[in-house]
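Listed here are the chains, written in short residue letters.
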Amino acid sequence: MRSCAEVLRLLAQHSAFDDEAQDMTAFVVFSLRNIYRSIDDSAQVWDDRSYWKKAERLRHKWLWSVKAADRLEALIRADRWDDVPQVLIALVPHFAGITVRTITRDAGLWCGARRALLSRETAQ
């Protein structure tokens, strides 16, 4: 969550989707999917204990993350960078509780993320 919040903050400072901003956006896709994956793992524990209502509530509460990841990935693959800011802006409220005073992540975290995301298509 923290990494995503930091990258969203850094993306807000970019005036255009240059190579770095495109990598950062792809990194957000991977991060959102990881967030949902960890939520799903937690929900599975509730399922295993027969608390399926609680598990489904948890999954439903975090469904926005995987939906946003899917939407961003579709825009990246279609090279529709003009539509990306709307999706990113819609994510901001989900990270509002995370205070970012200093950026602790560096470009090494997202460098090459766009290429990795696009190469997944050929790997599937």
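As the structure is a prediction and not an experimental result, all values here were calculated from the model.

Draft legend 1. Fine view of the overall build of the protein. A count of helical and extended segments in the protein gives six helices and zero strands. If you list the helices and strands of the protein from N to C, you get α-α-α-α-α-α. With respect to the principal axes defined by its C-alpha atoms, the protein has extents near 50 × 40 × 25 Å. Taken over 124 residues, the protein has a buried fraction of 38%. Counting only contacts in the protein whose residues sit at least 6 apart along the sequence, the fraction spanning at least 24 positions is 73%. When the accessible surface of the protein is summed, it comes to about 7,600 Å², and 52% of that surface belongs to carbon and sulfur atoms. Of the charged side chains in the protein, 19 are positive and 17 negative; the average position of the first set lies 8 Å away from that of the second.

Draft legend 2. Quick look at unusual backbone geometry. Positive phi is not limited to glycine here, since Ser50 has a value of about 65°. Position of Ser50 relative to the elements: it lies in the loop between helix H2 (19–48) and helix H3 (52–61). Phi at Asp79 is positive, roughly 60°, even though this residue is not glycine. In this structure, Asp79 sits in the loop between helix H4 (63–77) and helix H5 (84–91).

Draft legend 3. Structural view of H5. Considered for burial, the residues of H5 that qualify are Val84, Val87, Leu88 and Leu91. Seen end-on, H5 carries its buried residues on one side only, within an arc spanning 100°. Facing away from the buried surface of H5 by more than 90 degrees, the exposed residues are Gln86 and Ile89. As for H5, its buried residues are in contact with helix H1 (2–12), H2 and H4.

Draft legend 4. Spotlight on the nonpolar core. Counting 34 residues, the largest nonpolar core has Val28, Leu32, Leu72, Leu91 and Phe95 as the members making the most contacts within it. Per-element tally for this core: the top contributor is H2, with 10 residues. Sequence-distant contacts of Leu32, defined by excluding residues within four places in its chain, comprise Cys4, Trp64, Ser65, Ala68, Ala69, Leu72, Leu91 and Phe95.

How each quantity is defined
- Residues numbered from 1 in each chain as written.
- Predicted model: local features only at pLDDT ≥ 70, side-chain atom pairs only at ≥ 80, totals over all residues.
- Heavy atoms only, no water.
- Helix = DSSP H or I, 4+ residues; strand = E, 2+ residues; numbered from the N terminus.
- Buried < 20%, exposed > 50% of the residue type's maximum accessible area, 1.4 Å probe, protein only.
- Contact = heavy atoms within 4.5 Å.
- Areas by Shrake-Rupley, 256 points an atom, 1.4 Å probe, with all protein chains shown as cover.
- Lys, Arg positive; Asp, Glu negative; His and termini not counted.
- Charge placed at Lys NZ, Arg CZ, Asp CG, Glu CD.
- Arc of directions from axis to C-beta.
- Core = buried A, V, L, I, M, F, W, Y, C linked by side-chain atoms within 4.5 Å.

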